[in-house]
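# Reading the structure
Below, each chain spelled out in residue letters.
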Amino acid sequence: MNQHDREIASAIPDLRRYARALTGTTERGDTYVRACLETLVAEPERLNRSSLPRKDLFAAFHEVWDGVGQTFGTDQYAANAMSSHDRAYRRSSAELDRQVLLLVTVEGFSTAEAATILGIDEATVRARLDGAKAQMAKASKGGRVLIIED
């Protein structure tokens with residue numbers, strides 16, 4: 001196993017964390033990661049050989065994520081595990097906000113790397129990140145807390 005492959009292998013736990021956060025469950029997240037890894041074994045040319053293998057793995061994951069129901073829809077195991085909710089959610093604006101927020105704040109990618117992973121421009125990533133952070137700040141305001149001491 002060469003250095004690039006070792007770095008890809010060491011990034012799989014990070015990808016699993018991301019996929020689980022993105023889908024909301026361990027089972028669905030791991031199903032997408034499995035589909036991604038199976039695709040990469042069958043089609044290794046999908047994995048770019050850049051100087052950032054972790055970024056390449058996440059980009060390959062997003063190719064699978066975006067392709068479910070199209071290219072990868074023939075895999076019966078994957079098709080059963082990937083609900084219609086997943087398919088509808090991928091088309092929403094909130095989904096892109098969530099992806100950007102997770103990639104940058106949780107996974108530590110730069111906005112430029114997140115843009116490459118998602119196949120969008122960096123300005124869009126910055127705008128989505130700002131919007132997602134504003135939504136989170138708005139949602140956390142106005143809450144009341146009651147502290148009871150005994």
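Throughout, a residue's number is its position along its own chain's written sequence, starting from 1. A pLDDT threshold of at least 70 governs which residues receive local features in this predicted model, and a stricter bar of 80 or more applies before side-chain atom pairs are shown or counted, although totals over entire chains, interfaces and linings include all residues. Hydrogens and water molecules were not included; the side-chain quantities draw on all heavy atoms of the structure.

Only the stretch in contact is used when fitting a helix axis, every axis being a line fitted to C-alpha atoms; angles between N-to-C directions are given from 0 to 180 degrees. In DSSP terms, a helix is any run of H or I states spanning at least four residues, a strand is any run of E spanning at least two, and both are numbered starting from the N terminus. Contact geometry of helix α7 (residues 111-118) with helix α8 (residues 122-140) gives a least axis separation of 8 Å together with a crossing angle of 110 degrees. One finds that α7 runs roughly perpendicular with respect to α8. In this structure, α7 contributes Thr111, Ala112, Ala114 and Ala115 to the contact, and α8 contributes Glu122, Val125, Arg126 and Leu129. Classification convention: Asp, Glu, Lys, Arg as charged; Ala, Val, Leu, Ile, Met, Phe, Trp, Tyr, Cys, Pro as nonpolar; all other residues, Gly among them, as polar. Class assignment of the residues belonging to the contact of α7 with α8 gives a composition of five nonpolar, one polar and two charged. Just so you know how the angles are binned, under 35 degrees is roughly parallel, over 145 roughly antiparallel, 65 to 115 roughly perpendicular, and the rest oblique. Residue contacts are defined here by distance: any two heavy atoms, one from each residue, within 4.5 Å place the two residues in contact.

Attention now goes to the pattern of salt bridges. The term salt bridge refers to a pairing of a side-chain nitrogen on Lys or Arg with a carboxyl oxygen on Asp or Glu at a separation within 4 Å. The tally for this structure, following the rule as stated, stands at 11 salt bridges. Arg54 is paired through a salt bridge with Asp14; the nearest N and O atoms lie 3.0 Å apart. Residue Arg54 is located in helix α3 (residues 53-67), and its partner Asp14 is located in helix α1 (residues 3-23); the two are separated by 40 residues in the primary sequence. Between Arg46 and Glu63 there is a salt bridge, with its nearest N and O atoms 2.8 Å apart. Highlighted residues: Arg46 in the loop between α2 (26-42) and α3 and Glu63 in helix α3, separated in sequence by 17 residues. Exposure classes here rest on a 1.4 Å probe applied to the protein chains alone. A residue is buried below 20% of its type maximum, exposed above 50%, and partly exposed in between. Under the relative-accessibility criterion, Glu63 is labelled partly exposed at 37%. One network of salt bridges, in which partners are shared, links Asp14, Arg17, Arg54 and Glu107.

Moving on: the nonpolar core. The nonpolar core is taken to be a set of buried Ala, Val, Leu, Ile, Met, Phe, Trp, Tyr and Cys residues, with the residues joined through side-chain atoms within 4.5 Å. With 33 residues, the main nonpolar core has Leu15, Tyr18, Cys36, Leu57, Phe58, Phe61 and Leu103 as its most contacted residues. Where this core is concerned, the elements lending two or more residues are α1, α2, α3, α6 (93-106), α7 and α8. Ignoring sequence-local partners within four residues, the contact set of Tyr18 consists of Phe58, Phe61, His62, Gln99, Leu102, Leu103 and Glu107.

Summary of the metric used: pLDDT quantifies the predictor's per-residue confidence within the range 0 to 100. The share of residues in the protein chain with pLDDT of 70 or more is 81%, and the mean pLDDT across the chain is 83. Averaged pLDDT values for the elements of the protein chain fall to 50 in helix α5 (residues 84-90) and rise to 96 in α7. Across residues 69-75 the pLDDT falls below 50, and counting only partners more than four positions away or on other chains, this stretch makes nine contacts in the model.

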